[in-house]
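# Structural description and commentary
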Amino acid sequence: MTIPLVGSEIAVRGGFDLAAAARFLTGFGPAGRPEAEAEPGALRVAFPLDGQWTPMGAVLRQRSPGEVAVEVHGPAEHTDAVVAQVRRMCSLDVDGTAFPDAGHRDPVVSLLQGLHPGLRPVLFSSPYEAACWAVLSHRVWMTQAVRLRRRLTERHGTEVDVGGVTLASFPPPAVLAKLEYLPGLTGRKVQWLRGIAEAAAAGVLDAAALRAKPPEEALKELQLLPGIGRFSAELILIRGAGHPDVFPRGESRLHEIMRDAYHLPDAEVGELTEIAEAWAPFRSWVSFLFRVEGEARMRESR
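Residues numbered from 1 in each chain as written. Predicted model: local features only at pLDDT ≥ 70, side-chain atom pairs only at ≥ 80, totals over all residues. Heavy atoms only, no water.

### What to know about the packing of aromatic side chains
This structure, assessed with the given rule, holds 9 aromatic pairs. Note on Tyr128 and Phe170: the rings are 5.8 Å apart at their centroids and 70° apart in plane angle, and the pair reads as edge-to-face. Residue Tyr128 is found in helix α5 (residues 127-136), and its partner Phe170 is found in the loop between β6 (165-169) and α7 (173-176); the two are separated by 42 residues along the sequence. Relative accessible area serves as the criterion here: at 0%, Tyr128 is assigned to the buried category. When its relative accessible area of 3% is taken as the criterion, Phe170 is described as buried. Geometrically, the ring pair formed by Phe282 and Trp285 is tilted, given 5.0 Å between the ring centres and 55° between the ring planes. Relative accessible area serves as the criterion here: at 4%, Phe282 is assigned to the buried category. Residue classification places Trp285 among the buried positions, given a relative accessible area of 3%. Feature note: the residues Phe247, Tyr262, Trp279 and Phe290 constitute an aromatic cluster, connected by ring pairs. (Phe/Tyr/Trp six-rings, centres within 6.5 Å; stacked < 30°, edge-to-face > 60°. Helix = DSSP H or I, 4+ residues; strand = E, 2+ residues; numbered from the N terminus. Buried < 20%, exposed > 50% of the residue type's maximum accessible area, 1.4 Å probe, protein only.)

Shown next, in the form of structure tokens:
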């Protein structure tokens, strides 16, 4: 069957650098990205379409500071939905015009913004995929979780031709709901994945619905999912649904990076939360930059 190729554009409000997003994904293990991008400056992605779960592909290219072109690979009737999904994945569904103001209020944030110009949070393709990653990565080393994700995708996902590059699309909920075994994955985690898949199929993990609720309410609801605690719920809401203004109270690694940046070695989470109030309405975005810079410093020190 010939799959039509169609395109569209995303208007960008505020600073954004697609090449920076592509570089981040190349080094982000949970994304399952190839080591090098086939087309410098472009970003290729494959994923199950939210709600319908059809495997789709897209190529993003930044034509100008204010516009990103989207080349959609898949049935034409899904074009608008694919564009909306990649728009959220790159945090382009948020007007970032006022993001520099967070740096004006906090010199530490200003330094981060200067080190990573145009870098916005790069998200999982959906809250569903973020929740699955939370299960796969629970209490194991990152490298082990990455191998599990790759194994799961290779065995149960779908290969998609995205502009001449074959990418693997994450397994849809209907497939994971029937999962019985995956080498290296405990039986309890298999059960959790099935429960996440059932919740996604039932619409519980809808990104727009999660973002429309007060954050604490959404986090409490997410913690009702199997295997999902506070840390994982924040991951789903921030890096899956793309909420731009949530400070992760359960992310100890972020807190350590902040203590070092602000020279507050004994600061409690409450004090760090107060510091983060100056970042609103972009607390998720600033937290993302702290993590990116923290990981970069860690690599340099090795």
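### A closer look at the pattern of salt bridges
For the coordinates displayed, the defined rule picks out 12 salt bridges. Among the ionic pairs, Arg88 bridges to Asp50, the shortest N-O distance being 2.8 Å. With Arg88 in helix α2 (residues 79-89) and Asp50 in the loop between β2 (42-48) and β3 (55-64), this residue pair connects regions lying 38 residues apart in the sequence. Between Arg149 and Glu129 there is a salt bridge, with its nearest N and O atoms 2.7 Å apart. Of this pair, Arg149 sits in helix α6 (residues 142-156) while Glu129 sits in helix α5, and the two are 20 residues apart along the sequence. Given the relative accessible area of 7%, Glu129 is considered buried. Linked through salt bridges whose partners overlap, the residues forming this network are Glu216, Arg230 and Glu234. (Salt bridge = Lys/Arg side-chain N within 4 Å of Asp/Glu carboxyl O.)

### What about the environment of Leu123?
Within the secondary structure, Leu123 is located in the loop between α4 (107-115) and α5. The spatial distance from the C-alpha of Leu123 to the C-alpha of Arg88 is 7.6 Å, given a sequence separation of 35 residues.

### A short note on the side chain of Glu251
Mapped onto the fold, Glu251 is located in the loop between α11 (230-240) and α12 (252-261). Given a relative accessible area of 13%, Glu251 falls into the buried group. Those residues in contact with Glu251 that sit more than four places away from it in its chain are Phe231, Glu234 and Arg291. (Contact = heavy atoms within 4.5 Å.)

### With respect to unusual backbone geometry
The omega torsion of the bond from Ala280 to Pro281 falls at 5°, within 30 degrees of zero and hence cis. Position of Pro281 relative to the elements: it lies in the loop between α13 (269-276) and α14 (283-301). Of note, Trp53 is a non-glycine position whose phi angle comes to about 70°, a positive value. The residue Arg139 is not glycine, and still its phi comes out positive at about 55°. Locating Arg139 in the fold gives a position in the loop between α5 and α6. Residue classification places Arg139 among the exposed residues on the basis of a relative accessible area of 77%.

### Remarks on α12
Taken as a whole, α12 has its buried residues at Leu254, His255, Ile257, Met258 and Arg259. With its phi angle positive at about 55°, His263 sits one or two positions after the end of α12.

### Section: the pairing of β6
Looking at chain direction, strand β5 (residues 158-162) and β6 are connected through 5 bridges and run antiparallel. Bridging from a neighbouring strand, Glu159 pairs with Ala168 of β6. Two successive antiparallel strands, β5 and β6, enclose a turn made up of 2 residues, where Gly163 displays a positive phi of approximately 65°. (Pairing = 2+ DSSP bridges.)

### What to know about the nonpolar core
Counting residues in hydrophobic clusters, the biggest one holds 92 residues, and the most contacted among them are Leu60, Val86, Tyr128, Trp279 and Phe290. Considering every element that reaches this core, the biggest residue donor is α5, with 8 residues. Filtering out sequence-adjacent residues up to four positions away, Phe290 remains in contact with Val108, Leu112, Leu254, Ile257, Met258, Ala261, Tyr262 and Trp279. Ala46, Val59, Val160 and Val162 belong to the second largest nonpolar core, which has 6 residues in total. (Core = buried A, V, L, I, M, F, W, Y, C linked by side-chain atoms within 4.5 Å.)

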